[in-house]
Amino acid sequence: MPLEDGDPARPRGQQVNGEVSGTPRLRGMGDTALRGTTAPGGSRTEEMEEGWEPEPALDEGDVTPGGAPQRAGQHEEALMTELSELVQKVVKSSSWWERHGVDISILACSFLLLPAGFLCLRSAQAIPFLAGVLTLGVVHHTLTVKGSHLASHNALTESKSWGKVWAIFFIELCSAFTVEQATYNHVKIHHGYTNIIGLGDSSTWKLPFLNRYVYMFIAPLAVPILTPLVALDLLRNVEWKAALRTLCCMFLGFYCHYWLLLHVSGFQSSWSALLCMLLTRSLLAHPYIHVNIFQHIGLPMFAADRKPKRIHLMSLGVLNLPRNALLDWSFGHSLISCHVEHHLFPNLSDNMCLKIKPIVSQYLKQKKLPYNEDSYTSRLRLFLQRYEELMVHAPPITELVGIQ
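Residues numbered from 1 in each chain as written. Predicted model: local features only at pLDDT ≥ 70, side-chain atom pairs only at ≥ 80, totals over all residues. Heavy atoms only, no water.

Within an unreviewed UniProt entry, the label attached to the protein chain reads FADS6 desaturase, and the organism entered is Climacteris rufus.

In structure tokens:
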């Protein structure tokens, strides 16, 4: 994180209370336009090489850490290659159960819990009813967050055809979003341009017109309503066949949930069923919003024409949160305690990210690279204290100085 005025100088890349210490800002560098990407309507994200995401296009004058010309980045590329070889050895020696089976089983268990959740809502007693709300809320977020995230990276299966099927199911039917836009925004932009100003800097999560307490504690309740509305607006950017498919899947997902509440859970009115839908779908909305901002915003940001190589970009701009049983189950390890590993190797499943975590952390620390970790409460306190700086004002650009 860039130093504030008056802060004492600290070694670049050193962790201080879970944050990466900052570097001097570069003045006069504005946002840059996205270069070399394909619009969602003609997106070809499925053709990405396994385990890698596209690097932003650079101009001839781009520099790498230390201010050297681009050709001096061969050392950084060698580091990424060496780490990739270590990880690939682990992946190749892992069974199908480790690569995909564990996460598929978690999603399958979530489906099996659905009947119990809907039946618990039939009870007039408070404890069974609340158990039903909790069950359906956790299941909903497991399918929509963990399932959609793995499907967007084709991490549920090694088949691209089945990967497309699972993406439509989890992203469109369960999450009420369009596959093309979700994959484009997350895989091509956020992963391909992590912490690049104007591209993958997580600015889509910022609502500067809201104050800190409304944004952090009240606004997340609107996520189930805003998500389909945003999806409908984005349908203008996809082909009509994809838009029609998305509309059908969104309607089917919402109607099935609504029908089950009326005919299985026994709700007597439409309004009570809709209110229960909102309650269950927003149950974990707060940590969902928090996790999305905690792990990138407040860390170093770069301009597209002045950025470090991939291994430095991900080690500087990504942060891991500690393990949490509820969030690990519903969101997945790659979004919680293995986010650094996920950004380095995005096509791996949650379980595989957890398995390679010791290798990645040891390698980065051995090479004197940042490996950012911080607690949930510490990040929450940081964002409440520095909300204006982190979430309202434009983030400063980090200078590539002192990155070894």
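Next, the rest of the story.
## What to know about the overall build of the protein chain
Looking only at helices and strands, one finds 16 helices and four strands in the protein chain. In the protein chain, once contacts between residues fewer than 6 apart in sequence are set aside, the share between residues at least 24 apart is 73%. When the accessible surface of the protein chain is totalled, it reaches about 18400 Å², and 62% of it is carbon and sulfur. (Helix = DSSP H or I, 4+ residues; strand = E, 2+ residues; numbered from the N terminus. Contact = heavy atoms within 4.5 Å. Areas by Shrake-Rupley, 256 points an atom, 1.4 Å probe, with all protein chains shown as cover.)

## Looking at the UniProt feature "transmembrane region" (unreviewed entry) in the protein chain
Feature annotation in UniProt places "transmembrane region" (unreviewed entry) on residues 213–235 and 242–260, given in this structure's numbering. As annotated, residues 213–235 has a helix share of 78% and a strand share of 0%, and its two end C-alpha atoms lie 32 Å apart. (UniProt positions renumbered as here; feature names shortened; annotations may be inferred.)

## Topic: the environment of His75
Structurally, His75 is set in helix α1 (residues 74–92). Sequence-wise, His75 and Lys309 are 234 residues apart; in three dimensions their C-alpha atoms are separated by 9.6 Å.

## Thoughts on the packing of helix α4 (residues 160–174) against helix α8 (residues 240–263)
Orientation of α4 relative to α8, taken along the N-to-C sense of each, is 60°, at an axis distance of 8 Å. Classed by the angle they form, the pair α4 and α8 counts as oblique. Here Lys164, Ile168, Glu172 and Leu173 of α4 come into contact with α8, specifically with Arg245, Thr246, Cys249, Met250, Leu252 and Gly253. For the contact of α4 with α8, a count of residues per class yields five nonpolar, two polar and three charged. (Axes fitted to C-alpha atoms, helices over the stretch in contact; angles between N-to-C directions. Parallel < 35°, antiparallel > 145°, perpendicular 65-115°, else oblique. Nonpolar A, V, L, I, M, F, W, Y, C, P; charged D, E, K, R; others polar.)

## As for the packing of helix α10 (residues 285–294) against helix α15 (residues 376–385)
Where α10 contacts α15, the two axes come as close as 11 Å, and the packing angle between them is 80°. By the angle between their axes, α10 is roughly perpendicular relative to α15. Across the interface between the two elements, His286, Pro287, His290, Val291, Ile293 and Phe294 of α10 pack against Tyr376, Arg379, Leu380 and Phe383 of α15. Residue composition of the contact of α10 with α15, by class: seven nonpolar, two polar and one charged.

## A few points about the nonpolar core
If you look at the biggest cluster of nonpolar residues, it comprises 29 residues, and the most contacted ones within it are Leu344, Phe345, Val360 and Leu364. For this core, the elements supplying multiple residues, two or more each, are α1, α11 (310–317), α13 (339–344) and α14 (350–366). The contact partners of Leu364, leaving out residues within four places of it in the chain, are Ile311, Ser315, Val340, Leu344, Leu369, Pro370 and Tyr371. Core analysis: the second largest hydrophobic core is formed by 18 residues, Leu107, Val139, Leu150 and Ala176 among them. (Core = buried A, V, L, I, M, F, W, Y, C linked by side-chain atoms within 4.5 Å. Buried < 20%, exposed > 50% of the residue type's maximum accessible area, 1.4 Å probe, protein only.)

## As for the pattern of salt bridges
Oppositely charged side chains can pair when the atoms bearing their charge come close. Within this structure, the stated rule accounts for 12 salt bridges. In this structure, Arg386 engages Glu389 in a salt bridge whose closest nitrogen and oxygen atoms are separated by 2.8 Å. For Arg386, a relative accessible area of 16% corresponds to the buried category. Take Glu389: its relative accessible area is 25%, and that puts it in the partly exposed class. Several salt bridges share partner residues, and in doing so they unite Lys164, Glu172, Glu180 and Arg245 into one network. (Salt bridge = Lys/Arg side-chain N within 4 Å of Asp/Glu carboxyl O.)

## What about the packing of aromatic side chains?
Following the criterion strictly, the structure yields 12 aromatic pairs and no others. For the pair Trp205 and Tyr288, a centre-to-centre distance of 5.6 Å together with 80° between the ring planes defines the contact as edge-to-face. Placement of the pair is Trp205 in the loop between α5 (179–191) and α6 (212–218) and Tyr288 in helix α10, with a sequence separation of 83 residues. With a relative accessible area of 25%, Tyr288 lands in the partly exposed category. With 5.2 Å between their ring centres and 75° between their planes, Phe294 and Tyr376 make a pair best called edge-to-face. Of this pair, Phe294 sits in helix α10 while Tyr376 sits in helix α15, and the two are 82 residues apart along the sequence. Given the relative accessible area of 0%, Phe294 is considered buried. Residue classification places Tyr376 among the partly exposed positions, given a relative accessible area of 24%. Chaining the aromatic ring pairs together yields one cluster made of Phe111, Trp162, Trp166, Phe169 and Phe170. (Phe/Tyr/Trp six-rings, centres within 6.5 Å; stacked < 30°, edge-to-face > 60°.)

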